[in-house]
Every structure is written in structure tokens, then in C-alpha cells.
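# Fold and contact review
These are the residues of each chain, in order.
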Amino acid sequence: MVRTITIFEEVNPRGLRNLLSTGRARPSSTNLLHIDWFGRICDRNLVLQRERWLLKSWSFFSGSVKFFMNSTNSKIIKPRVPFSIIREAIIAASDYTEQQNSMEVVEPQTQDSSSQGRTDFLLSFSTKVEIAKELVARCSSRDQSAPGNELQSTIRQLEEVIKSMAEDFSNVSLSDFEINYPLDTSQSDVEPQSASQGENGYESFVKGMYDRMGRNDIEEDSNVLPRLADILQPAYQGFLCPLTKKIMDDPVTIETGITYEKEAILEWFSNNVVCPTTRMEIRSVGFSSNLALKHSIKEWKDRNEATRIRIARSALSLADSEAMLLDAIKELQVLSQLRRCNREHMHNAGITEQVTHFLQHESTNVRCEVMQLLRLLVEDEAGKVIVANTRVRALTRTIKMISSYNSSERHAAVSFLLELSKSEMFLDRIGGTPGGILILITMKYNKEADPFSAAKAEETLKNLEKSPMNIRYMAENGFVEPLLNHLNDDSEEVQMEMVSYLGGILLEDEMKTYVAERASATLIQMINGGNTSIRREALRALVQISAHPPNCKILVAAGIMQAVVEEILPRRINSEPLDSPEEAAAILANMLESDAEGSSEMKLSETGHTVVSHYFIYSIAQLIKSSMPEKASANLVRILLSLAKLPYAMATVLSVVMEIGAIPTIVEFLNSELEELAVVAAKLLIVLSPHVGHAIANGVCKTIGQPEGLIVGYSAQRITERQAVSANLLAKLPPQSTPLNLVLLLQDTVPVILARIEELQRGEVRGGGGGGGGGSGRITGHYLEGLVGILVKFAGSLFVQEILKLALSRNLTSVFADLLVRAGGSSEVQRLAAVGLGKLSSQSVYLSKPPAEARRRSTRPVTFFSKSTSSKEEKSASICPAHRGVCSATTTFCLLESGAAERLLVCLENEDSKVVEAALSAISTLLEESVDVEGSVRALSQLGAVRSVLGVLKVHGREERVVQRALWLVDMFLEKGKEKEKLSEEIYNDKLLRTVLVSVFNRGDGGGDSKRMAENILRHINKILSYSSNNLGM
């Protein structure tokens, strides 16, 4: 009991009363809340304010009293709210009767029953407060030696008074006092500090309230912060409209003297002619604006909302829990939407910059709410400036949130970004943020999945178009619509900028087609215009568009051919400098390479010239011979190459090239540092080589660094297209070009070639270009074909002793035989290897020597490849059945002794008819008149050649050249072989073979050779098996 009385002594009643009465003294932190309330009341001297303050105070007290009444233990006298607050409330209530008469009352209104009940309650309640006050005074001034019975009696009386006050309080409806937000006692034990005490003056107050409430449920809506602000800045009853029960915005006073919200009373008068409050009939529905009250309400709103901002900022700074943080952010959202000045207060208070830090919060809910708040705050230019200058990378975080899988976060982020895009200061920043425009474009075209984000993204992109750099970023990411719109519609200056972007960005093929459809006419018009800079940029753009073959038809229809030809030829004829020779020539080359419909036959001028006319080809060849930039020369050579591939233009191209002596110039291009020029020059020479091969070979030999430069001097680890084309050029030149062959021989190119072939077969060298793995393999295969082709060219020049010695010393027979099975997947390599073996085999009969002479020969030279040649070739000097002498791979190129014949027979199973034809030709060299045919037939029969050749007839029966070779071999087997009957019977019993033979005989193709051989074979079968010709002609 003594402990309870000590609690009552915590506050000095007289000192507290003095503070409350003046409202000017500096309050202690313990009593600040109530002093702050009462200080404002005394300052206003309004009765209704005092009533609201009193009831707010006793809202804390009511919970304590009810707790007390439900208890039986005297220790419960200490409630959840400290008795210091109860004591202050009692003292304040007692002051009500003392100061009531001295207070200035607001403009009176008609009193109703609720007002009368409120007055009666306060008078009764004040009387009981005086009694309680006297009892408290007795306890405070008690004598420690006083009898315990007296103290017990005083306390019992005080308990009865408190119970009575509680009963009175519980019987009165709080609605009579216009209080619509009762406070729980568990929220009341923390008092705020003055804002003047520091930047975070309300933090302890807010923290205490949340600690008492235990609010942690983020899903539950909460109005804690607005209620706290109402405690500090309560609204007056006179501010409420009697109709709406809400604070008025535009108060007007009617005839009865009652003030209402203007819109509410107008609506009332539309159906009624009486006063809503007094129920008196209204003679006039007119009203007058209550400017004084309107001004007071405005002042109160300013104070209330400023207080709410400070409280929300304190909660934002604390951020003790996610619930507190969300409450603060949502409160700031509400305030931001109320009035613009609130946003200005937030900017000045540093809230705008502060909330950007929460964009990195781990909670998705927090990030979403922060985005929504920032969207409101940046509606003002000042907010945009703050966000632009913040240290937090707000834009980067926003772009990341736009790509979120959470729709709420995504919608909030794109809405915020849309608001930022309305300011010029953010246009380049948004566009320059990595991934920003790409995500917006993707979102724009994703309407089905997210219509809201698609609409916002489209609007944002529209705003970003105000920056030319953003238009370029959009085009680079596949959204060229803005660029094309400005290209077609804007001023010359803008067009210049747009066309420069179009020429500088890399477009996908589909986008090139779209641009061609939309802008080809405009670009061609720019070429024909007088602005040199725009013309150059337009040509650059058309170079890229024309690089996609399907676009060329669109460009031809738009008049591209005349435009680019006029860009080159008239200036050349008039000796004027070419502004853009490279671009114009590139476009023309693209058009011809695409073989667009009508491009080669289209008239280029009024004179009727076309691109295949002598005039045009001659002009292009003259440009090639003149001193032009290498890039332009490369495109001009491309034009000539495209024309040379046209059958009806080849003769003109050859005539012009030889007429003006352009071969040496083109050969010189092989030494160019520009790989594109060297490659296209080599391709043109390859096309021309069947007609002017010797002239090309002579030009190569006369060029410094050639022809060895086409083989050596390149990286051994990376094969380029230049290497592949160069090797193929040498392979395509005539084998009879002895000077060229000798130069290659003397420059030691053969060891390099053989080494590269071995490296390619082992997979040690990779292709270094061609656009990915497929292109890389294509270049590697093409390079291998060129190298093998050069060796084949040497095999065709064995009449030169130096080359013959080379072929023997390097064991080319083994090289070609090895390539038959290790061709790197290239059928052309197999074909070339078979051709090479055929050329070598044709010389075997001249190299084979009788055994006596063979023994006198010197030791065989060492071969390049490490293939064993000792066991089979040296143990005996056996006679070759085909060449009637001692043969080997290293001395006579013999197909039988080298084992190449078996590999050639395997090639007969190849699906490529060209490989089969080459293999048959090589095998046929063993059955020529200069060899022992019977011995060869016997040897080949032992290898199973007959069955392999018959298989060729079954598979390739429609290939005339293959059939002709196969029939010749079968005819030789039937004529010279010893197992004629067995072979004839096998052919006769195979219906497919018989059908092929009869079909060839009936067709009579190939100038009669095939028919004759088929007839011979059928006659052999008929003769051997004694069948009549009638039966065989089925």
C-alpha cells in the first residue's frame, strides 16, 4: 500500500498546475504530451478545444479504471498507465471549472441534446475530480505516524470516487464528444519530445507507441501515424461539417447561422428546404462563405500535415520494423497526394533523398511502396532534381525492378520511370542506363502478358524520343520506328542525325527488310539531293540494307540502280572527285550479288546502258585500274566478279580485262593489307582462270612476293578465308604453267603444303573466320581442298624432271592414298586425291624397271611421311602384274604395290558421283594398253574390283560419265578376265544390272560410247551363256 501512495507522489500538483495554466514554461519530458495539448488550448482559449483535450486525456484513464474495477487485489491500483498521467488528468479537469468563465467561446451554434449531455457530464465529472483531488492531497500530506486505519479509509474513499468517475465515463458515448478515434491504453505510455529538441524529435514517441502496440503485421492496414498526429494537432469540432462529419474545405453559412460544407449543403438543398441541424424551414437557400473559418481550417491543415510529415519522417528514420516502415511510406504517400506544398516540405526535410535508400530494401513490399512514393514526389521538378543528384543509383535500381517477376514491383517501377521520363534531365540518363531501353522495348511488345506495363513502357519510350541519342539506342535494340518517323518527317538537320544513326547501327536481317520498306524512297531521295553530308550517310545506310539479298528487289523498285550508278560514272567521266565511291560501289555490288530480279538488265541512263553493257563494264574496269581507296577497289572488284559469273556477261568481262590490261592490277591486289580486297581479287582470278589462266599465272610470277606469298607467311594456327582462296587460286591455274610450278618448287612451298595437310588431318589447325563453327569448318575444308589441288597440279607436271623427283621424294602416292580415307569430311578432297593418284599411276609404266636394273638403283630417298616401306617392298624383287617390272610407291607410283588400289575401290561406295568417277578413272589407268591388262585384271579381281564396279552401275546408273567409266571396266573384265562365265552369270542373275545395261543400250547417250560398251557386255553375256539376242532384249 505504501508503494501505491509513492506513485501518487511522482508529480508536484502545484507545479503541474502552474505549467498548465501558463503554457509557457519549458515542460519536462514526462509531462510534455499533456502540456503540449493544454498549451495550445490556453493559447486559443476555446472551450471546445479544452473538452477534446480533456476527453483525450481520460481516454487513457478509462482503460486503467476498468482494469481496476475488475480486480480484487489492491496492488492493481497501479494501472498499465502511470498514475502520474491520471493525476495530471485530474488536475487538468479541476482547472476546467476555474477557467471556464475566463475562456472566449467560439461562435455559438444552436445547442442540441448531445451538447447539453456533454455539459452535464463535465460539471458532474469536475465535482468528482475536486473530491479526488482533496483525497490525493490528504495522502500526500499524511503523517507517517498516522494510524493505519485512517490511511486505509482515505484510500477506500479514493477508490470509490475513481469507481464512480469510471462509471460516469463508461456511461457517456464518445460520439457525443465528436471523437471518432478512441485510443487504446496500451499505446499511451510514451510522450513525444518537442521538434525543437532535434531533427528526430518524435522518434522516441513513435518507437514507444509501436512497442506498446506490438504492431508487426504488414498486411493489416494501420492509421497509427495519423492518429498520433491528431493527438499533437487535434481538429476542432467547429471544423466538422454537421452533414458529412468531415473537416470542411469550403465552409459556407446558411440563413440559420449554421456552417456547412458547400457541396454538402447544396446537395441537401436540392431535395430539402429545411436546415439540417435545426430542422427550421429555410426561406432562402442562399449562403455566404465563412472566410474566417476557412482560413482557420487551412492553418490547422498546415500544422496537422506538417506534424504528420515530421512523425512519418521519424518512423522512416527508425525503421525498426517492416510494419513501421510501410506505415511511414504510406502516410507520406497520402500526404503527397493531398497538396503540392506537402511535397515541397518533404523535399526540404530530406525525405525525398532518404526514401531512395530503401530501393535496396530486401522486402518487395517496401520497394513497391517506395517506388509509388517516389513517383508522387518527382511530379515536381524539385523532386526530380533531388533524385537526379542522389548518391543512390536510383535509376539502376529502377531498371532492375522493371524486369522483376513480381507484377506489383514491376508496375511501380515502370510508373516511376514514366514520371522521370517527363523531365529533360532524365532523358539521356535513362537511355544511358545499361539495359534500360532494351527492357522497355521488350515490355512494350509484351502486351498480352502485361498490358499495364506495356502501356507505361510505350509512353516512356515516347518521352525518351525527345533525345536523339535515345532514338539511336532504340534502333540498336531493334526498335527503329522512332528513327524512321524522324527520318521521314523532320527537318534537314534532324534527318542528317537520323540517317547517320541508321548507317552506324547494326541491324538484324528482318529489321533491314522493314527499314527498306519504310525508308528506301527517302534514302534514295537523299542520294539525289544536294547535301553532300546527307548523301554520304544515306549511302552508308543503304549499304547495310542492300547487304540482305531479299531487300534488293525493294531497292530496285525504288530506283536504287540509277542512283548509285549516277553517283559513280558521271563524276568519273567528268573527272570529278567521287564523294562516296566505297559506299556506292558496295551497294551496286550487293545488288548484283543478290541477283535481284531485273537488276542486271535494268537501264542505267537515258542512253539505254545496262550493267552488262560494254560501256558499264569498261567504266568499272577503268575505275579498278585507277588509284582508288582499297575499300572502294574491293567493292569495284566485287561488281566485276558478279558480272563475270553471268554467262552472258563473261565474254564482255574477259574482253575488257584483256583490252585494258587489268590482270596485273588485280594480281597486285593479292598483296593488299585489306583482306577483303585480297580475297575478292583471288575469287575473280579463279573465275577468269579457265579462260586466261596462263596470263594470270604469268602475272603472279611477275608480282613481288608471289606466288609463294599465297602459301607461306600465314599463321599456322588460324586459317583465314584469304589463305583458303589463295591456295585454291594456285590450284586452279593451268598445270602446264611450268614457270609457276618451278617457282613454287624453288621457293620450298611443297614442304609447307604437306605439313599443313598433316596438321589439318590431325585437327591441329582451326578456321579463323566465316561466322561461327559452320563457317570455320567451311574455310578449313576449302583450304585443304586448295592445298591438295596444288599437289594434283604438280602430279600433272611430271614431265618436268624437278617435279618428278619431288613427287618421288615426297611419296605423293602415299599422300594421296591417305587423303582418300582422311579427307576431313570433304568429298572434293577425296575427288582430288583420286585424280592425283590417276595422274601418278599413268606414269608408273615408264618408271617400272626390270628386276636386274631395279637392283642396281640407289637407295630410295626418305619420304616426308613416316610410312614403313621395308618389309613388303625390300624383301624380294617381285614383278608387278600390271607394269611387268619392279614397282613400289616410292619409285613408280604403282597403285597396286602402294595399296592405293584398295582405297580407290572403297571410294566407289561414295554417294558423290564425282568422287566415284575420279576413282574409276584412277583404276582405269591399270587397264590401259601400255600395261599388262590381263595381269591387272587378275590383280584387281583378287581385290574384289568387279563386284565394286558392278555396284557403281546399280547406284549411279543415271550418271552418264560414271556409267561410261564403269561399263568400260566391266567390258575389260569380261574380255580379259579368266572368270568370264562366273561374271556373266552374276550379271545375268542380277535384274537391276540387266535393267541398267538395257536402259543404257536403249538411251544411246554419250555419243554412242556407252551404248557400244553396253552392247559389247550384253554380247559377251549372250555368247558365253548361249542366250539369243531376242531373250536379252527384254
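Residues numbered from 1 in each chain as written. Predicted model: local features only at pLDDT ≥ 70, side-chain atom pairs only at ≥ 80, totals over all residues. Heavy atoms only, no water.

On to the overall build of the protein chain, then. Check the secondary structure of the protein chain and you find 54 helices and five strands. Nonlocal contacts in the protein chain, meaning residues at least 24 apart in sequence, comprise 70% of its contacts between residues at least 6 apart. (Helix = DSSP H or I, 4+ residues; strand = E, 2+ residues; numbered from the N terminus. Contact = heavy atoms within 4.5 Å.)

This paragraph deals with the nonpolar core. One finds Leu523, Ile560 and Phe816 to be the most contacted residues of the largest nonpolar core, which totals 190 residues. For this core, the leading source of residues is helix H34 (residues 675–702), giving 13 residues. Once you skip the residues sitting within four places of it in the chain, Ile560 turns out to touch Ile524, Ile527, Leu542, Leu555, Ile587 and Met591. (Core = buried A, V, L, I, M, F, W, Y, C linked by side-chain atoms within 4.5 Å. Buried < 20%, exposed > 50% of the residue type's maximum accessible area, 1.4 Å probe, protein only.)

In this section: the environment of Leu158. Checked against the element boundaries, Leu158 lands in helix H7 (residues 148–171). The sequence separation of Leu158 and Glu134 amounts to 24 residues, and the corresponding C-alpha distance is 9.3 Å.

This part is about the environment of Ser797. Of note, Ser797 is situated in the loop between helix H38 (772–795) and helix H39 (801–809). For Ser797, a relative accessible area of 1% gives the class buried. C-alpha of Ser797 to C-alpha of Leu840: the two residues are 43 residues apart in sequence and 9.8 Å apart in space.

So, about the confidence of the model for the protein chain. Per-residue pLDDT for the protein chain averages 76, and the proportion of residues at 70 or more is 74%. Counting interchain partners and residues more than four positions distant, the pLDDT-below-50 stretch residues 1–113 has 193 contacts. Ignoring residues within four places in sequence, the model shows residues 572–576, a span with pLDDT below 50, making five contacts including any to other chains. (pLDDT = per-residue confidence, 0-100.)

Next up on the list: unusual backbone geometry. For the bond from Gln706 to Pro707, the omega torsion is 5°, close enough to zero to count as cis. Mapped onto the fold, Pro707 is located in the loop between H34 and strand E4 (718–719). The residue Lys245 is not glycine, and still its phi comes out positive at about 60°. As for its placement among the helices and strands, Lys245 is situated in the loop between helix H9 (224–232) and strand E1 (251–253). On the basis of relative accessibility, which here comes to 47%, the residue Lys245 falls in the partly exposed class. Phi at Arg279 takes a positive value of approximately 65°, unusual for a residue other than glycine. Take Arg279: it is sitting in the loop between helix H10 (262–269) and strand E3 (288–289).

Within the fold, Glu917 resides in helix H47 (residues 913–924). The class for Glu917 is buried, based on a relative accessible area of 16%. Excluding anything up to four places from it in sequence, Glu917 contacts Arg961 and Val962.

Those residues of helix H19 (residues 424–432) that fall on the buried side of the exposure criterion are Phe426, Leu427, Ile430 and Gly431. Each buried residue of H19 lies within a common arc of 130° when the element is viewed along its axis, so the set occupies one face. Among the structural elements, helix H16 (381–389), helix H17 (394–402), helix H18 (407–420), helix H20 (436–444), helix H21 (451–464) and helix H22 (468–476) are those in contact with the buried residues of H19. (Arc of directions from axis to C-beta.)

Here we take up the packing of helix H36 (residues 738–746) against H39. Packing of H36 against H39 leaves a shortest axis separation of 10 Å and a crossing angle of 50°. Looking at the two axes, H36 sits oblique to H39. Between H36 and H39 lies a crossing whose hand is left-handed. Of the residues in H39, those touching H36 at Asn741, Leu742 and Leu745 are Glu802, Ile803 and Leu806. Here the contact of H36 with H39 is built from residues that sort into four nonpolar, one polar and one charged. (Axes fitted to C-alpha atoms, helices over the stretch in contact; angles between N-to-C directions. Parallel < 35°, antiparallel > 145°, perpendicular 65-115°, else oblique. Left-handed = near helix turned anticlockwise from the far one by under 90°. Nonpolar A, V, L, I, M, F, W, Y, C, P; charged D, E, K, R; others polar.)

What follows deals with the sheet that holds E3. Adjacent strands of a sheet pair through backbone hydrogen bonds, lying either parallel or antiparallel. Judged by pairing direction, the sheet is antiparallel, and its three strands sit side by side in the order E2-E1-E3 without closing on themselves. Each edge of the open sheet carries a strand with a single partner, namely strand E2 (259–261) and E3. H10 contacts E1 and E2 of the sheet and is inclined by roughly 95° relative to E2. (Pairing = 2+ DSSP bridges.)

In this structure the tally under the stated criterion is three aromatic pairs. Ring geometry for Tyr236 and Phe239: centres 4.8 Å apart, planes at 50°, overall tilted. Among the residues examined, Tyr236 registers a relative accessible area of 15% and is labelled buried. Taken together, a centroid distance of 6.1 Å and an interplanar angle of 80° make the contact between Tyr445 and Phe479 edge-to-face. Placement of Tyr445 in the loop between H20 and H21 and of Phe479 in the loop between H22 and helix H23 (481–489) is noted, with a sequence separation of 34 residues between them. Taking relative accessible area as the criterion, Phe479 reaches 7% and is therefore assigned buried. Each residue in the set Tyr236, Phe239 and Trp300 is aromatic and connected to the rest through ring pairs, giving one cluster. Lying over the aromatic face of Phe426, Arg429 brings its terminal NZ or CZ to 5.9 Å of the ring centre. (Phe/Tyr/Trp six-rings, centres within 6.5 Å; stacked < 30°, edge-to-face > 60°. Lys NZ or Arg CZ within 6 Å of the ring centre and 35° of its normal.)

For the rest of this paragraph, the subject is the pattern of salt bridges. A complete count under the given rule lists 29 salt bridges for this structure. Note that Asp509 is salt-bridged to Lys512, the shortest N-O span being 3.7 Å. Here the residue Asp509 and the residue Lys512 both occupy positions in helix H25 (residues 509–527), the gap between them amounting to three residues, near one helical turn. Among the ionic contacts, a cluster of salt bridges with common partners joins Lys298, Asp302, Glu305 and Arg339. (Salt bridge = Lys/Arg side-chain N within 4 Å of Asp/Glu carboxyl O.)

Let us look at the side chain of Gln354. With respect to the secondary-structure elements, Gln354 resides in helix H14 (residues 351–356). When its relative accessible area of 17% is taken as the criterion, Gln354 is described as buried. Those residues in contact with Gln354 that lie beyond four places of it in its chain are Arg313, Leu316 and Ser317.

Glancing now at the packing of H20 against H21. How two helices sit against one another is set out by the angle between their axes and by the gap between those axes. H21 packs onto H20 with a crossing angle of 130° between their chain directions and a minimal axis gap of 8 Å. Compared by their axis directions, H20 and H21 come out oblique. As H20 packs across H21, the resulting crossing turns out to be left-handed. Taking contact as the criterion, the partners of Ile437, Leu440, Ile441, Met443 and Lys444 in H20 are, on H21, Ser453, Ala454, Ala457, Glu458, Thr460, Leu461 and Leu464.

For helix H13 (residues 340–348), every residue scored as buried is listed here: Asn342, Arg343, Met346 and His347. Buried positions in H13, seen along its axis, are confined to an arc of 145° and lie on one side of it. Packing partners of the buried residues in H13 comprise helix H11 (291–318), helix H12 (322–338), H14, helix H15 (364–377) and H16. Within two residues after H13, Gly350 carries a phi angle of roughly 85°, on the positive side.

Another point: the state of the cysteines. This model, assessed by the stated rule, comprises zero disulfides. Cys894 supplies the cysteine sulfur nearest to Cys880, a cysteine that is in no disulfide, at a spacing of 3.7 Å. (Disulfide = S-S within 2.5 Å.)

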